[in-house]
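# Examination of the molecular architecture
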Protein chains: 2
Amino acid sequence: MEKKKRFILPEEEIPTQWYNIQADMVNKPLLPIHPATKQPLKPEDLYPIFAEELCKQELDQTNPWYDIPEEVREQYKCYRSTPLVRAYGLEKALDTPAHIYFKNESVSPVGSHKLNSALAQAYYCKKQGVTNVTTETGAGQWGAALAYAANVFGLNAAVYQVKISYEQKPYRRSIMQTFGAQVTPSPSMSTRAGKDILTKYPNHQGSLGTAISEAIELAMSTPNCKYTLGSVLSHVTLHQTVIGQEAEKQMAMAGEYPDIIIACFGGGSNFGGIAFPFMRHTLKEGRKTRYIAAEPASCPKLTKGEFLYDFGDETGYTPLLPMYTLGHNFRPANIHAGGLRYHGAGVIVSQLLKDKMIEAVDIQQLESFDAGCLFARAEGIIPAPESCHAIAAAIKEAQRCKEAGEGKVILFNLSGHGLIDMTAYDQYLAGDLTNFELSEEEIRKTIDEVKAL
Amino acid sequence: MEKKKRFILPEEEIPTQWYNIQADMVNKPLLPIHPATKQPLKPEDLYPIFAEELCKQELDQTNPWYDIPEEVREQYKCYRSTPLVRAYGLEKALDTPAHIYFKNESVSPVGSHKLNSALAQAYYCKKQGVTNVTTETGAGQWGAALAYAANVFGLNAAVYQVKISYEQKPYRRSIMQTFGAQVTPSPSMSTRAGKDILTKYPNHQGSLGTAISEAIELAMSTPNCKYTLGSVLSHVTLHQTVIGQEAEKQMAMAGEYPDIIIACFGGGSNFGGIAFPFMRHTLKEGRKTRYIAAEPASCPKLTKGEFLYDFGDETGYTPLLPMYTLGHNFRPANIHAGGLRYHGAGVIVSQLLKDKMIEAVDIQQLESFDAGCLFARAEGIIPAPESCHAIAAAIKEAQRCKEAGEGKVILFNLSGHGLIDMTAYDQYLAGDLTNFELSEEEIRKTIDEVKAL
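### Details of the overall build of chain A
Counting its secondary structure elements, chain A contains 18 helices and 15 strands. Whereas a compact globule of 453 residues would reach a radius of gyration of roughly 22 Å, chain A reaches 20 Å, a difference of no more than 12%. The principal-axis extents of the C-alpha atoms in chain A amount to approximately 65 × 50 × 45 Å. Burial status across chain A gives 65% buried among its 453 residues. Long-range pairs, those at least 24 residues apart, make up 77% of the contacts in chain A with a sequence separation of at least 6. A total accessible area of about 14,800 Å² is found for chain A, and carbon and sulfur atoms account for 50% of it.

Here you go:
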């Protein structure tokens, strides 16, 4: 009998709702705090920054399901369902008894899962009569998705791209511009936040925290303009749950259920997107599944950060969020996985980690590219540097299965492809790529600054 | 009722055979001629260059169907079926009553249709015990596909990439190297063919004809090595017929049948791949369908070339092929659609054009990018510069439908995405892109050289 390789859902099986795990959590996430009043945040407090519907979604701890608007579902049809793939090639290369599956979000037209939330956010902005949107982007996956979505719904888009990524990945800038967006390297001189940071650190290479400050400032100072965010926040993760819902149906088509679910971790949206629909069965039915977040060793908020109230951006424009953080002044090394260079974790994931519902591992840059190249040659898809972290973690687990002689079922999210990140592979193949060592002192310094707030 | 956007076949519906249109043609293609003996070519004459099975397929005018080997079908499953997509966004942007569909071959892991033949060719080489393969590549789509396929079947691959593309599209080189291939810009000093050309034209920017000469020479002078080709030849087109066979089933799912079928044209493999399975119904049942090949105005072999016996490469290592040609010394302008910079058309397409079974249009570079950008914003996929030619031709037909008030069904092949070609889009968006005017004299010169052979 021929082995089935890819599982794809018919169009009518694409999810019609998003799943809000907050409703099913035993310990709800702590509420964000307004930095001025120190009071728990209300949706209205966020209205100046985000579309109103998104503010409601952000703080909703009650309603487990949200209908996906028809306009967004129509757009999802352009690339969803994404394939669930049995990684026979990788299994063979590792000689493991584990069954490895990956959800291939890289087939979206912009090459990553980010479109799932970009379309939703752009839609709600449009519905509310907003005409301009701003955002930050690291490697450019989110910026490309937002540029695409803004174009779909007829909005102007301004994107602040982390400077180091703007220089490392020029094609992503071109993609955003092809969809009609304006792209500015951050920190820039176009905002007060950017000017202040450049004054303090003239050679600042940029970070997601800085770019967020700039984008929020532009949104606040521009008529009829809202800010949008690519990860971290709960409403972003909500939209990403289409990934896990599809994967659940597709695993059923394969006649299996995952023992271990893995995703790379920047702010948490692709991790939550694939994990939360499965975690529902852990929360409600006690189903035993391990959930592993794979973060870069050079930005280890989950494995070495502390659970604190901290700002989501470098300048301090956002509410104070209860999260595992390295401190909003933490300046991550220039790894190629630009999308993972963020100092904190979303509030839902932070609470779940505190409650030991999930695990975290940190992966060095070289190990991530070892894994990425092995995967490329075994499965034919060149993964995004971010996704390489998930692959590395999956390989570790598959190797443990081999040692233990256990045929576990491993599912990971391939959040994006790396076709725009080939300079990173060039450096890796040439032997020029390095790890970044991070001292305890470096981590303590920016965490202690938060404690002193 | 919701409109269905994408049509995808279940894995068991992926074609199990390739279609050889030569068996059904009324006027068979003329046979290639051995340049030394001037006798019609026999399969054995090609054995030194290609895997034996491919030589048989190349010259077979009798057998209409070839079983796809199981090993190749297993590999097809990694990305096939590719989606057939109804281009609602493009229809709306054009305000046309036409129904526009495209077959999205860009979702293959290397971003184009080329993998369909690369996997077949690498497989037959492997089966015969070959350990090394060589090839040429223009924009790099074929080279990336061959590198991928060689890696799958455990072969060493050496790729000569047209120098101008090697410089314009460095990421494609990186992709080939990530899959383990050796990449050399052509013309190079590593072959006699390359040295001769560089001596004659020191600033030669390369062409597919030149790179083919170098790759054939390397194959002939390397033990246990065969040459592989990405287009032009009949066996390459044979493998590409999975595209049209899938599209036929998917059009049936959509409840329609195409009135017009369009593909861009370099050597003819993606055109034949989508057109021939439909043309079977024209040949056998008299079904009325128009087939349009869209070539670049700067390399107009179909619209301005002549039907002659000519070499397939610049140096003259290949047999003499009966084809529409601009002459093997024709040096095409440096357009970004590197995959279309070839002087001749495959023998099957040439015969069909001679018999008026197909039509050809030529598209200027600026028009191709106008079409590509319109498509990107309407459908969200940034097309390869080559594919932009097919889109431009489809737009012309859709506009004609609007003028005539006719709701025709148009199907085109989106042969690849343009994510690695963003420098071309940068130039287009900056207004720096130009057309290339080609004089009658330039065309006549290289055609007359062939006539004087």
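The discussion continues.
### Digging into the pattern of salt bridges
One side chain can pair with another of opposite charge once the charged atoms of both are near each other. Tallied over the entire structure, the rule returns 50 salt bridges over all chains. Residue E379 of chain B pairs with K5 of chain B through a salt bridge whose shortest N-O separation is 2.7 Å. With E379 of chain B in helix α15 (residues 365-379) and K5 of chain B in the segment before β1 (6-7), this residue pair connects regions lying 374 residues apart in the sequence. In this structure, a network of salt bridges that share partners links the residues R80, K103, E105 and E246 of chain A.

### Details of the sheet that holds strand β8 (residues 182-186) of chain A
Residues and elements named next belong to chain A. If you trace the four strands from one edge of the open sheet to the other, you get β8-β7-β6-β9, paired in parallel fashion. Edge positions in the sheet fall to β8 and β9 (225-227), since each has one partner strand and no second. Each strand of the sheet is rotated relative to its neighbour by a mean of 20°, with strand direction disregarded. The sheet contacts of helix α6 (residues 141-152) involve β6 (132-137) and β7 (156-162), and relative to β6 the element is tilted by about 165°.

### Things to note about the packing of helix α11 (residues 234-253) of chain A against helix α12 (residues 269-285) of chain A
Residue and element names in this part refer to chain A. Where α11 meets α12, the closest approach of the two axes is 6 Å, and the angle between their N-to-C directions is 55°. By the angle between their directions, the pair α11 and α12 is classed as oblique. In the crossing of α11 with α12, the sense of the turn from one axis to the other is right-handed. Here V236, T237, Q240, T241, I243, G244, Q245, A247, E248 and M251 of α11 lie close against α12, whose contacting residues are S269, G272, G273, I274, F276, P277, F278 and H281. Class assignment of the residues belonging to the contact of α11 with α12 gives a composition of eight nonpolar, nine polar and one charged.

### A closer look at the side chain of T282 of chain A
Residues and elements named next belong to chain A. Inspection of the secondary structure assignment puts T282 in helix α12. By relative accessible area, which is 17% here, T282 ends up buried. Within polar-contact distance, the side chain of T282 engages the side chain of Y291 at 2.6 Å. Contact partners of T282, with chain neighbours within four places excluded, come to R287, T289, Y291 and M357.

### Notes on the sheet that holds strand β9 (residues 225-227) of chain B
All names here are of chain B. The four strands lie next to each other as β8-β7-β6-β9, forming an open sheet whose pairing is parallel. Whereas interior strands pair on both sides, the edge strands pair on one side only; in this sheet they are β8 (182-186) and β9. Averaged over all pairs of adjacent strands, the angle between strand axes in this sheet comes to 20°, irrespective of strand direction. Note: strand β7 (residues 156-162) against β8, five bridges, orientation parallel.

### Here's the deal with the interface of chain B and chain A
With 46 residues of chain B at the interface, the matching set in chain A holds 46 residues. Viewed at the interface, chain A and chain B are joined by four salt bridges. In this structure, K4 of chain B and E12 of chain A form a salt bridge, with 3.7 Å as the shortest nitrogen-oxygen distance. At the surface where chain B touches chain A, the tally comes to 20 residue pairs in polar contact (both at pLDDT 80 or more). Counting only elements with at least two residues in the side of chain B that touches chain A, the list comes to α3 (70-76), α6 (141-152), α8 (170-178), α15 and α17 (422-429) of chain B. Looking at which element gives the most residues to the side of chain B that touches chain A, the answer is α8 of chain B, with seven residues. Split by residue class, the side of chain B that touches chain A holds 18 nonpolar, ten polar and 18 charged.

### Notes on helix α17 (residues 422-429) of chain A
Of the positions making up α17 of chain A, those classed as buried are M422, A424, Y425 and Y428 of chain A. In an axial view of α17 of chain A, the angular spread of the buried residues amounts to 150°, which keeps them on one side of the axis. Contacts from the buried residues of α17 of chain A go to α15 (365-379) and α16 (385-404) of chain A together with α8 of chain B.

### Regarding the relation of the copies chain B and chain A
Placing chain B over chain A gives an RMSD of 0.0 Å and needs a rotation angle of 180°, together with 0.0 Å of translation along the axis. Seen this way, the second copy is the image of the first under a two-fold rotation axis. Mapped onto chain A, 100% of the interface residues of chain B are again interface residues, and the two copies thus contact each other with one and the same surface.

### Quick word on unusual backbone geometry
All names here are of chain A. Here the amide bond leading from S186 into P187 is cis, since omega sits at 5°, within 30 degrees of zero. Mapped onto the fold, P187 is located in the loop between β8 and α9 (192-200). A positive phi angle is found at K38, which is not glycine, with a value near 60°. With respect to the helices and strands, the residue K38 is situated in the loop between β2 (17-19) and α1 (43-46). Judged by its relative accessible area of 54%, K38 is exposed. Although it is not a glycine, D95 adopts a positive phi angle of roughly 50°. Take D95: it is sitting in the loop between α4 (88-94) and β5 (99-104).

### Observations regarding the pairing of strand β15 (residues 409-414) of chain A
Residues and elements named next belong to chain A. Within β15, six of the six residues are buried, leaving the element largely enclosed by the surrounding structure. With burial as the criterion, each face of β15 is covered, one bearing V409, L411 and N413 and the other bearing I410, F412 and L414. Examined bridge by bridge, β5 and β15 share six bridges and lie parallel to one another. Counterpart to H99 in the pairing with β15 is V409. Pairing between strand β10 (residues 260-264) and β15: three bridges, direction parallel. By the bridge assignment, I262 is partnered in β15 with F412.

### A short note on the environment of A393 of chain A
Residue and element names in this part refer to chain A. By secondary structure assignment, the location of A393 is in helix α16. Look at A393 and you get buried, because its relative accessible area is 2%. Between the C-alpha atom of A393 and that of Q57, which follows or precedes it by 336 residues, the distance is 31 Å. Setting aside its immediate chain neighbours within four residues, A393 contacts I262, A294, V361 and I363.

### With respect to the packing of helix α5 (residues 115-127) of chain A against α11 of chain A
Residue and element names in this part refer to chain A. Two numbers describe how α5 lies on α11: the axes approach to 8 Å, and their chain directions differ by 125°. Judged by the inter-axis angle, α5 sits oblique to α11. Taken as a pair, α5 and α11 cross one another with a handedness that is right-handed. When α5 is examined against α11, the residues N116, S117, A120, Q121 and Y124 are found in contact with a partner set consisting of H235, V236, H239, Q240, V242 and I243. Of the residues in the contact of α5 with α11, the class split is five nonpolar, six polar and no charged.

### Overview of the packing of aromatic side chains
All names here are of chain B. In this structure the tally under the stated criterion is 29 aromatic pairs over all chains. Measuring from centroid to centroid gives 5.4 Å for F307 and Y324, while their planes differ by 65°, and the two rings are edge-to-face. Residue F307 is found in strand β12 (residues 306-311), and its partner Y324 is found in strand β13 (residues 320-325); the two are separated by 17 residues along the sequence.

Rules used throughout
Residues numbered from 1 in each chain as written. Chains lettered and ligands numbered in written order. Predicted model: local features only at pLDDT ≥ 70, side-chain atom pairs only at ≥ 80, totals over all residues. Heavy atoms only, no water. Helix = DSSP H or I, 4+ residues; strand = E, 2+ residues; numbered from the N terminus. Rg over C-alpha atoms; globule rule 2.2 N^0.38 Å. Buried < 20%, exposed > 50% of the residue type's maximum accessible area, 1.4 Å probe, protein only. Contact = heavy atoms within 4.5 Å. Areas by Shrake-Rupley, 256 points an atom, 1.4 Å probe, with all protein chains shown as cover. Salt bridge = Lys/Arg side-chain N within 4 Å of Asp/Glu carboxyl O. Pairing = 2+ DSSP bridges. Axes fitted to C-alpha atoms, helices over the stretch in contact; angles between N-to-C directions. Parallel < 35°, antiparallel > 145°, perpendicular 65-115°, else oblique. Left-handed = near helix turned anticlockwise from the far one by under 90°. Nonpolar A, V, L, I, M, F, W, Y, C, P; charged D, E, K, R; others polar. Polar contact = N/O pair within 3.5 Å; in protein donor to acceptor, adjacent residues only side chain to side chain. Arc of directions from axis to C-beta. Least-squares fit on C-alpha atoms with pLDDT ≥ 70 in both. Phe/Tyr/Trp six-rings, centres within 6.5 Å; stacked < 30°, edge-to-face > 60°.

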